[in-house]
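# Fold and contact review
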Amino acid sequence: MNTDIFTDYESNVRRYGLSFPTVFTKALGATVWDEAGKPFIDFLVGSGALNYGHNNPSIMAPAIEYLAGENILLSLDMYTAAKRDFIEAFVDFILKPRGLSYKIQFPGPTGTNANEAALALARKYTGRSSVMAFTNAYHGMSLGSLAVSGSASTRELGGVARHDVIRVPYDGYANQAFDSASYIDCVLGDPGSGIEKPAAIILETIQAEGGMNTASAAWLIEIQRICRKHDVVLIVDDIQAGSGRTGDFFSFEFAKIEPDIVCLSKSLSGSGSPFSIVLIRPDMDIWKPGEHSGTFRGNNLAFVTAGAMCKMWSERQFTADVQRTAAKLQRHLDHLVAKFPKCIEQKRGRGLMTGLKCRSQAIVGRVHDVAFENGLLLESSGPNRDVIKILPPITITDDELDHGIAILSQALQEQDND
Ligand code: PLP
């Protein structure tokens, strides 16, 4: 496979190309093919950006029609028919059935664009500057998002001061007995704590990049209560855990909380087309026209595919299939944990947002390489990169799922034998 052009010209910053040294050409559902025609099962899915699989026909058919029809592709934040259709679909198929009411902000297309907008709005709304953020959080690579992220190497990247952040322990961080929500409640209520009242608390319900750490429903409910009690904005960064990944559309549905602000991106377009939105509690929408801006806020192709994705959530068969697939994946992982105790410490995650915490980074590295050789794409996460991230498309077929798990099991078996 000729990869010389990448070595010669692409920056050293590239990562996935080095992890998967082949050239990919084609993809459908949960399968990606390289130039030599070798198939790979995709448990990486664009780091959570292709929850509905590659080229999902229900999503791509309207996109192909749209592209063929001389329709508008980029529109800043002007009104277009495609944008109107997306808003209608999002309200009718996602928000209303869940009893949720939000205004929708269209920021730039990436996840970090959404988080920057959310943080700016919370600061403007409260007139406060600091934000409470959690250990092992990951919120993106622009300065405001870097500041609230936990990883030392990520935070150092900005090269400038990252102040106005109060770091607090995530659910279960120190140990399961330590109640971090009570700690937060306590310091916010204590004038002697030395911790000023923040504009917002920003959290992921599952910390994917942080190692698939999973917050409990009880903890999330408590954090919401604390935010309301202390008049602090609750921002849920649902960029990776949302858009169906956990088996529900929003990752916080299981806890029945209603965050003040929700950020969505990654799989929101359903197609891999860049798209993000910020959902804002209606009375908090105090933006002035044009106050927060950006060129790529009107990706109409993403509006079309996102609308088709939203409609899928109105189909009972679709939601039942996603739940069934999530249960099947969980059973597979339980089986792997029981079979390979020498390699695996524990199963992590919820629904189809899952990981296997391994006993060392070296095991994860070798499993990744053997799996790739045998036709499975995986990535790792966690501060010590000792968690295998397992993110199959939520629409994966039973055969593809079984096949991917069989390759993973074989790779683990080889480490177990060592
Ligand atoms: N927030 C979370 C929870 C993420 O997982 C990511 C990306 O992995 C981001 C924000 C940043 O999104 P993007 O890479 O599109 O800027």
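Everything discussed here concerns the structure shown above.
This report concerns the structure included in the present document. (Residues numbered from 1 in each chain as written. Predicted model: local features only at pLDDT ≥ 70, side-chain atom pairs only at ≥ 80, totals over all residues. Heavy atoms only, no water.)

In terms of regular secondary structure, the protein is built from 14 helices and 17 strands. Expected size for 418 residues packed as a compact globule is a radius of gyration near 22 Å; at 21 Å, the protein falls within 12% of this value. On the principal axes, the C-alpha backbone points of the protein span a range of 60 × 55 × 50 Å. Out of the 418 residues in the protein, the part that is buried amounts to 53%. With the model as given, the accessible surface of the protein reaches about 18000 Å², and the carbon-plus-sulfur share is 54%. For the protein, the centre of its 40 positive side-chain charges and the centre of its 48 negative side-chain charges are spaced 4 Å apart. (Helix = DSSP H or I, 4+ residues; strand = E, 2+ residues; numbered from the N terminus. Rg over C-alpha atoms; globule rule 2.2 N^0.38 Å. Buried < 20%, exposed > 50% of the residue type's maximum accessible area, 1.4 Å probe, protein only. Areas by Shrake-Rupley, 256 points an atom, 1.4 Å probe, with all protein chains shown as cover. Lys, Arg positive; Asp, Glu negative; His and termini not counted. Charge placed at Lys NZ, Arg CZ, Asp CG, Glu CD.)

Our focus in this paragraph is the nonpolar core. In terms of nonpolar packing, the biggest core is built from 86 residues, with Phe90, Ile223, Phe249, Phe250 and Leu408 touching the most fellow members. It is helix H11 (residues 300-312) that contributes the most residues to this core, nine residues altogether. The residue makeup of this core includes at least three contributed by each of domain 1 (4-55 + 317-417) and domain 2 (60-312). Apart from the residues within four sequence positions on either side, Ile223 is in contact with Phe134, Ala181, Ile184, Ile201, Leu203 and Leu234. Listed in part, the 21 residues of the second largest apolar core include Ala114, Ala133, Ile235 and Ile239. (Core = buried A, V, L, I, M, F, W, Y, C linked by side-chain atoms within 4.5 Å. Domains from an automatic or database assignment. Contact = heavy atoms within 4.5 Å.)

Here we come to the site of the ligand. Taken together, Thr110, Gly111, Thr112, Asn115, Tyr138, His139, Gly140, Glu204, Asp237, Ile239, Gln240 and Lys266 make up the full set of residues near the ligand. One nitrogen or oxygen atom from the main chain of Thr112 is found 2.9 Å from an oxygen atom belonging to the ligand. Take Asp237: an N or O atom from its side chain is 2.6 Å from a nitrogen atom of the ligand. In a pocket analysis with a 2 Å cut-off to the grid points, the ligand is assigned to the largest pocket. Among the elements that line the shell around the ligand, the one with the most residues is helix H6 (residues 111-126), at three residues. Partitioned by chemical class, the residues of the shell around the ligand number two nonpolar, seven polar and three charged. (Near = heavy atom within 4 Å. Polar contact = N/O pair within 3.5 Å; in protein donor to acceptor, adjacent residues only side chain to side chain. 1 Å grid on protein atoms, 1.4 Å probe; cavity = no way out; pocket = protein on both sides within 12 Å on 5 of 7 lines; lining within 4 Å. Sits in = over half its atoms within 2 Å of the grid points. Nonpolar A, V, L, I, M, F, W, Y, C, P; charged D, E, K, R; others polar.)

On to empty space enclosed by the protein, then. The tally for this structure, following the rule as stated, stands at one cavity of 30 Å³ or more. Taken as a whole, the largest cavity holds about 40 Å³ of empty space. Along the walls of the largest cavity sit Phe106, Pro107, Gly108, Pro109, Pro274, Phe275, Ser276, Phe296, Arg297, Gly298 and Asn299, which together make up its complete lining. Across the lining of the largest cavity, the residue classes tally to six nonpolar, four polar and one charged. (Points joined across faces, edges and corners; volume = space filled by probe spheres on them.)

Moving on to the pairing of strand S5 (residues 131-134). Residues of S5 alternate between two faces, with Val131 and Ala133 on one and Met132 and Phe134 on the opposite face, all of them buried. For S5 and strand S7 (residues 200-203), the ladder comprises two bridges, and the chain directions are parallel. Residue pairing across strands places Met132 opposite Ile201, the latter belonging to S7. As defined by bridge partners, S5 adjoins strand S6 (residues 165-168) across four bridges and the pair is classed as parallel. By the bridge assignment for S6, Val131 is matched with Val165. (Pairing = 2+ DSSP bridges.)

What follows is about a nonpolar patch on the surface. A grouping of Leu67, Leu73, Leu74 and Phe296 is seen on the molecular surface, where their side chains present a nonpolar patch of about 410 Å² in accessible area. With respect to the helices and strands, the residue Leu67 is situated in helix H4 (residues 57-68). (Patch = residues over 30% accessible without salt bridge, like charges linked within 9 Å, V, L, I, M, F, W, Y side chains within 5 Å. Salt bridge = Lys/Arg side-chain N within 4 Å of Asp/Glu carboxyl O.)

Below, the discussion takes up the packing of helix H9 (residues 180-189) against helix H10 (residues 217-230). Two elements in contact, H9 and H10, have axes whose closest approach is 9 Å; the angle formed by their N-to-C orientations is 10°. Taken together, H9 and H10 sit at an angle that is classed as roughly parallel. Along the contact surface, H9 presents Ser180, Ala181, Ile184, Asp185, Leu188 and Gly189, while H10 presents Trp219, Glu222, Ile223, Arg225, Ile226, Lys229 and His230. Each residue belonging to the contact of H9 with H10 can be placed in one class, and the counts come to six nonpolar, three polar and four charged. (Axes fitted to C-alpha atoms, helices over the stretch in contact; angles between N-to-C directions. Parallel < 35°, antiparallel > 145°, perpendicular 65-115°, else oblique.)

Moving on, we come to the sheet that holds strand S13 (residues 344-350). Overall, antiparallel pairing links the four strands, which are arranged S13-S14-S17-S16 in an open sheet. Only two strands of the sheet have a single partner each, and these edge strands are S13 and strand S16 (379-381). The sheet shows a mean angle of 30° between the axes of neighbouring strands, direction not considered. Of the pairings in the sheet, the one linking S16 to strand S17 (residues 387-390) comprises three bridges and is antiparallel in character. Across the sheet, the residue bridging to Ser380 is Ile388, located in S17.

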